[in-house]
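Descriptive analysis of the structure
If you want the building blocks of each chain, they are given just below.
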Amino acid sequence: AGLAGVLLLTGIPAPAQAQPAVSLGSVLPAPQQVRPHGPGFRLGARTVIEAPGGTRVVADRLAEALRPATGFRLPIVGRAGRGAPAISLELVRHDPRLGDEGYRLSVRPGGVAIRATTNAGLFAGVQTLRQLLPARIDATTPQRAAWTVPGGDIVDRPRFAYRGAMLDLARHFHTPDEIKRYIDEISRFKINYLHLHLSDDQGWRIQIDSWPRLTAVGGAPGTGVDGAGGGFLTTSDYRDLVAYAAGRFVTVVPEIDMPGHVNAAQVAYPELTCDGQAPPPRTDTEVGYSSLCIGKEVTYRFVEDVIRELAAITPGPYLHIGGDEAHATTDADYLAFQARVLPLVSRYGKVAYGWNEIAASPAAAGAIAQYWGRARADATLAAAVADGTKVIMSPANVAYLDQKYDPSTPLGLSWAGYIEVRTAYDWDPGTHLEGVPEEAVLGVEAPLWSETLRTLDDIEFMAFPRLPAIAELGWSTTRDWESFRTRLGAYGPRWTARGVGFHPSPQIPWS
Ligand code: TNX
């Protein structure tokens, strides 16, 4: 009888009522083209995963996603036997409709086929397929359910190449396991970059061999906000995280924030201050009071060592050098600093990326600026864009996941305003900023600052359900609040099934 038969005998409770049928269009973020037709596919004990050479990493993810709740073996085979029900992954040579990350999904009674020109596209198709199965597919133990997938075709591709999320490890450290769980969750919504904010006034969270006190002192216990949440990533933790993320088609973007937000580095190395005196360690949440010493050569030895070491362990194209809120650095010093540091990033083979303040520097022409302002126009950024700077959109009043949903939200800050789901969804990254046309926008990112967040539960409560709103702005070409809130409401049971505590927003018709 196989495992399915065994499960029947072990008395797993039958669903109390029939589960709501999933429809082919009920996917977050919304696919580009959905054509429901014909009968669907029923996943069963005989289903195989057909994954020819080279697609194994995606097949592994698919099997991991489907085995726990179904209890089926779902063997991965190079070629399915004739007539065997299969979910097949296929790399196709060329399809102008798909770009680098698009996919085609077709569901017929005999099987499901996902086709793409890259594994990233196949992985995106797998995330769609997961949402087309009943919500119980996300349970971590075997369930009894009819594992049906609605029939039809989806053709899909992203609007923007960069769809990011940011975690702040500096204000409170988050462990590699917590970061991995976050990667699992964000990659379901086709987020493909994870930006790690690795240093700030409170702490330093990444091992740098040539400056060991950065983590020995700056990553010690007690170095988080209010003295909680110290810790750091060793280079091997970091490499392991990068590999884990890559296995989910997420690219890690490391950030070292400078010339401001450097108190922790200066506590560890007093020579990084102008007077050579160590400042007191700080565990409060003030910003804008620390600065590297722009006139000292040791500053640039430090910066170059950090950039070189970080670039060496980062396979992704981007290296973020912060640059925000440098209120303790004069404008002239800020420009002098960026004139030396932005080119250093390219010297070590990476594209320089910074908060939008870097746009003031002529050296930012080939760089990427992350817009975190609240205005609908930024003359400095628009001028840089005319000069070639590309932009990632993270407007604080709509895209910041650390801001409270409403005045009663127990966690988070509110300096940029309250951000309920509709606010996070109702803006267009391609037209939001005057002087920054869609062609200059690489994509979107949802930052999650950690002043008030310690645990993974805290992170999940703030990120969900707003992260899928930002993900949809990054992926989908249509934006329709009624459709979005319906699809989001139907998604709730999936978070519940896997124990993700999301904010039950009153704006959403949760099922
Ligand atoms: C501003 S946004 C900051 C961070 C804080 C955040 C809190 C930005 C580039 N800098 O240092 O953590 O506000 O919301």
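Reading the values: rules and limits
Numbers given to residues run from 1 along each chain, matching the order in which its sequence is written. With pLDDT at 70 or above as the cut-off, local features in this predicted model cover only qualifying residues; side-chain atom pairs require 80 or more to be listed or tallied, and sums for whole chains, interfaces and linings still use all residues. Counting from the N terminus, the helices are the DSSP runs of H or I reaching at least four residues and the strands are the DSSP runs of E reaching at least two. For the radius of gyration, the atom set is restricted to C-alpha positions; the globular benchmark scales as 2.2 Å times the number of residues to the power 0.38. The exposure scheme places C-beta atoms from the backbone and then counts, for each residue, the other C-beta atoms within 10 Å of its own, assigning buried at 20 or more, exposed at 12 or fewer, and partly exposed in between. Each residue is represented by a C-beta atom placed from its backbone, and any two residues with such atoms within 7 Å are regarded as in contact. Think of it this way: take the backbone, place a C-beta atom on it, and check whether that atom is within 6 Å of the molecule or strand, in which case the residue is near it. Residues are grouped as follows: nonpolar covers Ala, Val, Leu, Ile, Met, Phe, Trp, Tyr, Cys and Pro; charged covers Asp, Glu, Lys and Arg; every other residue, Gly included, is treated as polar. UniProt positions are given in the numbering used here, feature names are shortened, and annotations may be inferred rather than shown by experiment. A set of buried Ala, Val, Leu, Ile, Met, Phe, Trp, Tyr and Cys residues, joined through C-beta atoms within 7 Å, is what we mean by a nonpolar core. Domain boundaries shown here were taken from an automatic or database domain assignment. In predicted models, pLDDT denotes the confidence assigned by the predictor to each residue on a 0 to 100 scale. Two strands pair if DSSP finds at least two bridges between them. Axis definition: a line fit to C-alpha positions, over the contact stretch in the case of helices; interaxial angles, taken between N-to-C directions, run 0 to 180 degrees. The labels follow the angle: roughly parallel below 35 degrees, roughly antiparallel above 145, roughly perpendicular from 65 to 115, and oblique for the rest. By convention the crossing between two helices is left-handed if the near helix lies anticlockwise of the far one by an angle smaller than a right angle, and right-handed if it lies clockwise. In this context, the arc is that of the directions from the helix axis out to the C-beta atoms.

1. What about the overall build of the protein chain?
- Within the protein chain, the secondary structure is distributed over 15 helices and 17 strands.
- Here the C-alpha atoms of the protein chain give a radius of gyration of 24 Å, agreeing with the 24 Å that 2.2 N^0.38 yields for 511 residues.
- Taken over the C-alpha atoms alone, the protein chain extends approximately 75 × 45 × 45 Å along its principal axes.
- A buried classification covers 51% of the 511 residues belonging to the protein chain.
- In the protein chain, 72% of the contacts between residues at least 6 apart in sequence involve partners at least 24 apart.

2. Some words on the site of the ligand
- Near the ligand the following residues occur: V287, D324, E325, W355, W372, A396, D402, L413, W449 and E451.
- Its residues placed into classes, the shell around the ligand shows six nonpolar, no polar and four charged.

3. Quick word on the UniProt feature "domain: Beta-hexosaminidase bacterial type N-terminal" (unreviewed entry) in the protein chain
- Residues annotated in UniProt with the feature "domain: Beta-hexosaminidase bacterial type N-terminal" (unreviewed entry) correspond here to residues 26–156.
- In this annotation, residues 26–156 is assigned 22% helix and 27% strand; the end-to-end C-alpha distance for the span is 14 Å.

4. Quick word on the nonpolar core
- Formed by 151 residues in total, the largest nonpolar core has its most connected members in I114, L194, A369, V391, L448, L467 and I470.
- In terms of residue count, helix α3 (residues 119–132) provides more of this core than any other element does, seven residues in total.
- Counting contributing residues per domain, this core is built from domain 1 (22–156) and domain 2 (162–478), each supplying no fewer than three.
- Apart from residues lying up to four places away in sequence, I470 is in contact with A399, A424, V444 and A446.

5. Focus: the confidence of the model for the protein chain
- Averaged over all residues, the pLDDT of the protein chain equals 95, while 96% of them reach at least 70.
- Below pLDDT 50 for its whole length, residues 13–17 participates in three contacts with residues either more than four positions away or in separate chains.
- Here the predicted complex scores 0.96 on pTM and 0.95 on ipTM.

6. Here's the deal with the pairing of strand β5 (residues 86–91)
- The pairing of strand β3 (residues 48–50) with β5 spans three bridges and is classified as parallel. What sits directly across from I49, in β5, is I87.
- Bridge analysis of β5 against strand β7 (residues 111–116) gives six bridges, and the strand direction is parallel. If you follow L89 over to β7, its bridge partner there is I114.

7. Remarks on the packing of helix α8 (residues 297–312) against helix α9 (residues 331–347)
- Axis separation between α8 and α9 bottoms out at 10 Å; the angle between their running directions is 25°. By the angle between their axes, α8 is roughly parallel relative to α9. For the pair α8 and α9, the crossing hand works out as right-handed. Here α8 contributes Y300, V303, E304 and I307 to the contact with α9, which in turn contributes R340, V341, L344 and V345.
- Across the contact of α8 with α9, the residue classes break down as six nonpolar, no polar and two charged.

8. A look at the environment of T486
- Considering the arrangement of structural elements, one finds T486 in helix α15 (residues 481–497).
- T486 gets classed as partly exposed once you count the C-beta atoms within 10 Å, which come to 16.
- C-alpha separation for the pair T486 and S511, spaced 25 residues apart in sequence, amounts to 9.2 Å.

9. Considering the domain arrangement of the protein chain
- Examined at the domain level, the protein chain breaks down into domain 1 (22–156) and domain 2 (162–478).
- Computed from C-alpha coordinates alone, the two centres of domain 1 and domain 2 are separated by 34 Å.
- Going through the elements one at a time, α2 (56–70) and α3 are the ones with two or more residues in the side of domain 1 that touches domain 2.
- Here the element with the most residues in the side of domain 1 that touches domain 2 is α3; it accounts for four residues.
- Broken down by class, the residue content of the side of domain 1 that touches domain 2 amounts to seven nonpolar, two polar and one charged.

10. Concerning helix α10 (residues 379–386)
- Looking only at α10, the buried set comprises L381, A384 and V385. When α10 is viewed along its axis, its buried side chains cluster within an angular range of 100° and face the same direction. Opposite its buried face, α10 presents the exposed residues A379 and A386, each directed more than 90 degrees away.
- Looking at the packing, one finds that the buried side of α10 touches β15 (368–371) and β16 (390–393).
- Count one or two residues on from α10 and you reach G388, which has phi positive near 115°.

11. Considerations on the UniProt feature "domain: Glycoside hydrolase family 20 catalytic" (unreviewed entry) in the protein chain
- As annotated in UniProt, the feature "domain: Glycoside hydrolase family 20 catalytic" (unreviewed entry) corresponds to residues 160–328 and 336–477 in the numbering used here.
- With 31% helix and 12% strand, residues 160–328 has its two end C-alpha atoms placed 35 Å apart.

12. What about the sheet that holds strand β9 (residues 152–156)?
- Across the sheet, which stays open at both edges, the seven strands sit in the order β1-β9-β6-β7-β5-β3-β4 with mixed pairing between neighbours. Each edge of the open sheet is held by one strand with a lone partner, namely β1 (33–36) and β4 (76–77).
- Against the sheet, α3 touches β5, β6 (103–108), β7 and β9, its axis set at about 145° to β7.

13. Examining the packing of α2 against α3
- Orientation of α2 relative to α3, taken along the N-to-C sense of each, is 15°, at an axis distance of 9 Å. One element, α2, and the other, α3, form an angle in the roughly parallel class. Here α2 runs over α3; the crossing is right-handed. Facing V57, V58, R61, L62 and A65 of α2, the residues of α3 in contact are N119, L122, F123, V126 and R130.
- In terms of residue class, the contact of α2 with α3 is made up of seven nonpolar, one polar and two charged.

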